[in-house]
Amino acid sequence: NVDVLHALALAQIKSHHFDLAEVAISRALPVCPYDIELVRDQLSVLVSLEKWKEADVAAETLTKDFSDSGAQTLKDLAILALHQDPSTDDPDENKQQATVLFERAIQKDPKFPEPFYWLASISAPKEASKLLTKYLELCNNKKPKEYDREPNLCSKKDEVEKQLAH
């Protein structure tokens, strides 16, 4: 059953068993290849496993076949962009593309902390400080919104608090 495999994949993503989640997704996709939730799961897992070429295929499916512009997808697309070979001789091309995608993710869901963290990682120090402060503010929220495919939600909180204290 595809629903069972999807639930299993989400549980494995949350518990950081990305290799097992990848297996569950690979079993479900042939049965239901046009399930946007499965492809979102697949992208999240492949980005977590740093399988950039495979993630690129999943990303293309999400953007071309589904026109997906969800905040979590945009964040994963931005991380993927940072790890792609530049298509031109401009070394900042990937960073610029990732910046646009992180900003779109923030516009789409301003309560999702992860794009703030990742955007800060590629921003100038003054802007990075503002972004990291916002990241902490969102992470300190006592009732953060649940993000199914975000196993590392606020996992950098302690690191960011130390960084901002200096």
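Residues numbered from 1 in each chain as written. Predicted model: local features only at pLDDT ≥ 70, side-chain atom pairs only at ≥ 80, totals over all residues. Heavy atoms only, no water.

### A short note on the overall build of the protein
For the protein, the count of helices and strands is 9 helices and 0 strands. Going from the N terminus to the C terminus, the protein shows its helices and strands as α-α-α-α-α-α-α-α-α. For 166 residues, the compact-globule estimate of 2.2 N^0.38 gives 15 Å, and the C-alpha radius of gyration of the protein, at 16 Å, lies within 12% of that figure. Taken along the three principal axes of its C-alpha coordinates, the protein extends 50 × 45 × 25 Å. Counting only residues that meet the buried cut, the protein has 43% of its 166 residues in that class. Once local pairs closer than 6 in sequence are excluded, the contacts in the protein between residues at least 24 apart make up 56%. Separation between the mean location of the 21 positive side-chain charges and that of the 29 negative ones in the protein comes to 7 Å. (Helix = DSSP H or I, 4+ residues; strand = E, 2+ residues; numbered from the N terminus. Rg over C-alpha atoms; globule rule 2.2 N^0.38 Å. Buried < 20%, exposed > 50% of the residue type's maximum accessible area, 1.4 Å probe, protein only. Contact = heavy atoms within 4.5 Å. Lys, Arg positive; Asp, Glu negative; His and termini not counted. Charge placed at Lys NZ, Arg CZ, Asp CG, Glu CD.)

### Things to note about the state of the cysteines
Evaluated as defined, the whole model comprises 1 disulfide. Through a disulfide, Cys-139 is tied to Cys-154; the S-S separation comes to 2.1 Å. Since a negative S-S torsion denotes a left-handed disulfide, the Cys-139-Cys-154 link at about -90° is left-handed. Linking Cys-139 in helix H8 (residues 125-139) with Cys-154 in the loop between H8 and helix H9 (157-165), this pair joins segments that are 15 residues apart in sequence. Across this residue pair, the class does not change: Cys-139 and Cys-154 are buried. (Disulfide = S-S within 2.5 Å.)

### What to know about the nonpolar core
Leu-43, Phe-102 and Tyr-135 are the most contacted members of the largest nonpolar core, which has 47 residues in total. Secondary-structure elements contributing two or more residues to this core are helix H1 (2-14), helix H2 (18-28), helix H3 (36-48), helix H4 (52-65), helix H5 (71-82), helix H6 (93-108), helix H7 (114-121) and H8. At 7 residues, the largest contribution of residues to this core is made by H8. The residues contacting Phe-102, other than those within four sequence positions of it, are Lys-75, Ala-78, Ile-79, Leu-82, Pro-115, Trp-118, Leu-119 and Ile-122. (Core = buried A, V, L, I, M, F, W, Y, C linked by side-chain atoms within 4.5 Å.)

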